[in-house]
Structure formats: C-alpha cells, structure tokens
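If you want the building blocks of each chain, they are given just below.
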Amino acid sequence: DGSVTQSSREERLGDVGLVVMDEVHYLGDPHRGSVWEEAIINCPRHIQLVCMSATEHMACETIKTRFRPVPLHWRHAYMAAPPRGVQLIDLLINKNKNLNPRLTKTAVLQEEARNLMERQSRNGRTPATDVASVIKTIEGDPEALKKLRTKRVPNMDSLIMRLRSKELLPAIWFIMSRK
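Conventions and cut-offs
Counting starts from 1 at the beginning of each chain's written sequence and moves along it residue by residue. Since the coordinates come from a predicted model, pLDDT governs what is reported: local features require at least 70, and pairs of side-chain atoms require 80 or more to be given and counted, while whole-chain, interface and lining totals use all residues. As a convention, hydrogens and water are excluded, and side-chain values are obtained from all of the structure's heavy atoms. The criterion is simple. A nonpolar core is a set of buried Ala, Val, Leu, Ile, Met, Phe, Trp, Tyr and Cys residues joined through side-chain atoms within 4.5 Å. Only protein chains enter the accessibility calculation, which uses a 1.4 Å probe. A residue is then buried if its area is under 20% of the maximum for its type, exposed if over 50%, and partly exposed in between. Each helix is a run of H or I in the DSSP string that is no shorter than four residues. Each strand is a run of E no shorter than two, and both are numbered from the N terminus. Only one rule defines a salt bridge in this text: a Lys or Arg side-chain nitrogen within 4 Å of an Asp or Glu carboxyl oxygen. To obtain an axis, a line is fitted to C-alpha atoms, over the contacting stretch when the element is a helix, and the angle between two such axes runs from 0 to 180 degrees between their N-to-C directions. Here is the rule for angles: anything less than 35 degrees is roughly parallel, anything more than 145 is roughly antiparallel, 65 through 115 is roughly perpendicular, and the remaining ranges are oblique. In this description, contact between two residues means that some pair of their heavy atoms is separated by no more than 4.5 Å. Ten residue types, Ala, Val, Leu, Ile, Met, Phe, Trp, Tyr, Cys and Pro, are classed as nonpolar, four, Asp, Glu, Lys and Arg, as charged, and the remainder, Gly among them, as polar.

With eight residues, the main nonpolar core is built from L109, A113, M117, V134, I135, I138, L145 and L148. Elements with a contribution of two residues or more to this core: α3 (105–122), α4 (131–139) and α5 (142–151).

A few words now on the pattern of salt bridges. Across all of its chains, the model carries five salt bridges by this definition. When the shortest N-O distance is used, the salt bridge between R84 and E111 registers 3.7 Å. Of this pair, R84 sits in the loop between β3 (75–79) and β4 (86–90) while E111 sits in helix α3, and the two are 27 residues apart along the sequence. Taking the shortest distance from any N to any O, the salt bridge between R152 and E111 comes out at 4.0 Å.

Here we come to the packing of α3 against α4. Interaxial distance between α3 and α4 falls to 9 Å at its minimum, and their mutual angle equals 110°. The orientation of α3 with respect to α4, classified from their angle, is roughly perpendicular. Between α3, through K105, L109, Q110, A113, R114, L116 and M117, and α4, the contact on the second element is made entirely by V131, V134, I135, I138 and E139. Counted by class, the contact of α3 with α4 contains eight nonpolar, one polar and three charged residues.

Right under this line is the structure:
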C-alpha cells in the first residue's frame, strides 16, 4: 500500500526541512540519474530541495562567493566495538593536509584484531596469540575484509543521534560506496 509507505516516510523525515543535493546535473545521466530522480520524487512535500551543480549549463542562478558562513569540519564516522558505538574522528590532520593515521588500513586492522582478541577472551575462548597473526588471517580472507568494512559503517539513526549529541547538526554525509 503506497499510503503506508508515504506515511512512514513522512514520519521519519518529519523534522527534516531541507535536503541539499549536490552533483544534480547527473539527473540527465542515463546511468546515474535515477538516484537523483527517485530522491526528488520520493521526498515529502514539506521538505525544500537545494540542488547544486558545478556544471554551468545546468545553472538556473549562478552564485559565486568565497565566504563560508559555516566552516567545514571533515570527520569520519565508524561503528566501533561495543560499548563504544558510533565514533567520530577528524578525517584530516595537520591543517587538513594529511589523512588521520587512525584511518589507515593498518591502523583499522590493528584495532579490529585487538577487538576480536578481546571478544574471544571475554567469551572464554583462547584468543589468537598476537595482533599480527589475526591481521594476517583477516587480510587473507576477502570475505572477512568485506564483512569488516560493512560492520564499520554506522547505521543512519545511530549516526544522527551521535551527531545530535555532539551538536554537529546539520551535517552532510558522504557515503563512499553503495556496495
């Protein structure tokens, strides 16, 4: 029933007043346009849309400015092992010039290996002998790597609650892959 879907969507998005859509020039792209089209069509009527595109021929009104009234802060969100939950850390360090070393593949694997060993110990199982051996096992298993990446993506509700608790709303959330 379409009315049930519309009603629940309106309830979930009741507090949303504005949606910003970047790269909206893809609306005309036969391969990517459906994403923007569906988002626009399914957006409840009470929500205003601000559609942006750096492609000049799509512009209805061109606004150029170097002034940023709200500073950008780049953070990375990930789901940490319980009880920590959603974590927000700076994406870049050294005046936004370098990737935070906590986000390198090695650092992430070390953190996950330590968490796995801790869980094994808590559950009465004999943990692996060292972090390096756990990392080697994970790296050698493509399914384990895929599972690791998937479990570190926070769900939207948890992330929004965390952002709200840190007074970081409104926010723009970039998801690097839909896979």
